[in-house]
Every structure is written in C-alpha cells, then in structure tokens.
Amino acid sequence: MNIENSIILEIFKGISFSKKEMNLIESKLKKLKLKKGTTLLKADDKVNSQYYVYNGCLRTYFIDKSGKEHTLQFAINDWWISDYTAFFTASKAIMYIETIQDATLYEISKKSMEDLFVEIPQLETFFRKKMERAFASFQKRILASLAQSAKERYVSFISTYPNIEQAVKNYHIASYLGITTESLSRIRKEISHN
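Not measured: the values here are computed from a predicted model.

Chemist: With reference to specific residues and values, describe the packing of helix α7 (residues 170-177) against helix α8 (residues 181-192).
Modeler: Two numbers describe how α7 lies on α8: the axes approach to 9 Å, and their chain directions differ by 95 degrees. When the axis of α7 is compared with that of α8, the two are roughly perpendicular. For the pair α7 and α8, contact is made by N170, Y171, I173, A174 and L177 and by T181, L184 and R188, respectively. Tallied by class, residues from the contact of α7 with α8 come to five nonpolar, two polar and one charged.

So this is what it looks like as structure tokens:
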C-alpha cells in the first residue's frame, strides 16, 4: 500500500506508534482519489467504512420524500465522514456522500477498526474522543437550528468552515443552514454592510 508514515501520524495526531503498529495501520487503510462529483455513498448502500479526508471537500446529504436535498455535513481536510447511523448500527445508508472538490481519502472498514482497537488500544481512545466531539457538535447544530436566527447560523457556519465558501455552491450552504439561496444572499449583504 505504501502510505507514508507522516500521513498516518497526521491522521492519528498526538499518538506515537511502533514500526510494527505503523505497518499494521498501513495494512488497514485504503487510499482513495476521487474526482469532483463522485458519489461515495448513496441511500440503501451497506455502510462498512468511514473515511478520513486528507484533502478536498465532501458533503453528506439526505433526500426527503418530496425530493428535496438537506445537507447535513461538509467534510474538509482532517475530518472524518460516513453515514454514522448506518455504520454503527449495521443498517443501510439513509444519506448520500458526494465529493464537491477532487478529494484524497483514507478508508477504514469497521472490521479493520475493531482489529486495530485490539492491537493498538490507544486508537480506541482516539476514535472515542473523535466521536464524543462529533456528537457534541451535532447537538450544538440541532440547538442552533432550533434557537438561532438564520444570520446567527450563517456566522457559526463560516466560523466552523472558514474557507469553504469558495468550494461550495450557494444552494449547498443554504441547504445546510435550512434557508433559501435568496435568504443566504440577503444575510451576506447584511453582514458585508456592517
């Protein structure tokens, strides 16, 4: 596979590994290079893996019964992405994941993760902490969507994803915020005049 040690250390920041552990991790990761517009996952797919975003940008979205897309998450450099409901419950995907920029990802299957947890217990702690932060982030997002104005949600969005606007279409951002593209334009004008 020949994944550079520096990439493994970047993916698992803050952890030191022996040469044997590095080789084991390398054997469990699969490098993927995807072009913009590639669908990585679609509803009803079996979800066996999660993905580390080395570079590029991806979007997770749900399509409701009327056919409307609802963007749930963007994933940029150093983020992990999957349909986690399906991944953790061994159910079928309910979401779609697409690349909105060319991307390099590192895929790890659930089975490979479980194997690594046994061989390198500090990885279980690493992933637990990642999931705790992600869970807290999703709760904050739900609360924001319930209690914040669209302008406040937009300000929070640009704080969370500082340089993403150049890479993401306005309708994806509006979908993420739960507003129309017209409302997004109005909010941007308000902010630029302040």
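Alright, that's what it looks like, and here's the rest.
Chemist: How would you summarise the sheet that holds strand β2 (residues 39-41) if you had to cite specific residues and measurements?
Modeler: Within the open sheet, the four strands sit side by side as β2-β7-β4-β5. Their pairing is antiparallel. Because the sheet does not close on itself, it has two edges, and the strands there are β2 and β5 (69-75). This sheet shows a mean twist of 30 degrees between the axes of neighbouring strands, independent of strand direction. Both strand β4 (residues 58-63) and strand β7 (residues 96-99) contribute to a ladder of four bridges, which runs antiparallel. Residue pairing for β7: T60 is matched across the bridge by I97. Across the sheet, α7 is in contact with β4, β5 and β7; its angle to β5 comes to roughly 100 degrees.

Chemist: I'd like a description of the sheet that holds strand β6 (residues 80-81), backed by residues and values.
Modeler: Across the sheet, which stays open at both edges, the four strands sit in the order β1-β8-β3-β6 with antiparallel pairing between neighbours. Both outer strands of the open sheet, β1 (30-34) and β6, are each paired with one neighbouring strand and no more. Taken together, the six bridges between strand β3 (residues 49-55) and strand β8 (residues 103-109) define a ladder with antiparallel strand orientation. Looking at the pairing, Y51 lines up with E107 of β8. Across the face of the sheet, helix α4 (residues 110-119) comes into contact with β3 and β8 while running at roughly 65 degrees to β8.

Chemist: I'd like a description of the nonpolar core, backed by residues and values.
Modeler: Counting 38 residues, the largest nonpolar core has F12, F17, I25, L58, W80, L105 and L123 as the members making the most contacts within it. In terms of residue count, the dominant contributor to this core is β8 (four residues). Excluding residues within four positions of it along the chain, W80 makes contact with I11, F12, Q50, Y51, Y52, Q73, I108, F126, F127 and K130. Formed by 15 residues, the second largest nonpolar core is a distinct cluster that contains F157, I173, Y176 and I187.

Chemist: If you had to explain the UniProt feature "domain: Cyclic nucleotide-binding" (unreviewed entry) in the chain to someone new, which residues and values would you point to?
Modeler: Per the UniProt entry, the sites bearing "domain: Cyclic nucleotide-binding" (unreviewed entry) are residues 33-117 in this numbering. Secondary structure across residues 33-117 divides into 16% helix and 45% strand, with the first and last C-alpha atoms of the span separated by 26 Å.

Chemist: Please set out the layout of surface pockets residue by residue, giving values where relevant.
Modeler: Quantified by volume, the largest pocket comes out at close to 1200 Å³. As for the largest pocket, its lining consists of 35 residues, of which L72, A134, S137, F138 and R141 are closest to the centre. Only β5, α3 (84-89), α5 (121-147), α6 (150-160) and α7 provide two or more residues apiece to the lining of the largest pocket. Among the elements that take part in the lining of the largest pocket, α5 stands out by supplying 13 residues, more than any other. Residues belonging to the lining of the largest pocket are distributed by class as follows: 15 nonpolar, 14 polar and six charged. If you add up the space inside the second largest pocket, you get close to 150 Å³. If you trace the second largest pocket, you find it lined by R59, K68, E69, H70, Y171, H172, A174, S175, G178, I179 and T180.

Calculation notes
- Residues numbered from 1 in each chain as written.
- Predicted model: local features only at pLDDT ≥ 70, side-chain atom pairs only at ≥ 80, totals over all residues.
- Heavy atoms only, no water.
- Axes fitted to C-alpha atoms, helices over the stretch in contact; angles between N-to-C directions.
- Helix = DSSP H or I, 4+ residues; strand = E, 2+ residues; numbered from the N terminus.
- Parallel < 35°, antiparallel > 145°, perpendicular 65-115°, else oblique.
- Contact = heavy atoms within 4.5 Å.
- Nonpolar A, V, L, I, M, F, W, Y, C, P; charged D, E, K, R; others polar.
- Pairing = 2+ DSSP bridges.
- Core = buried A, V, L, I, M, F, W, Y, C linked by side-chain atoms within 4.5 Å.
- Buried < 20%, exposed > 50% of the residue type's maximum accessible area, 1.4 Å probe, protein only.
- UniProt positions renumbered as here; feature names shortened; annotations may be inferred.
- 1 Å grid on protein atoms, 1.4 Å probe; cavity = no way out; pocket = protein on both sides within 12 Å on 5 of 7 lines; lining within 4 Å.
- Points joined across faces, edges and corners; volume = space filled by probe spheres on them.

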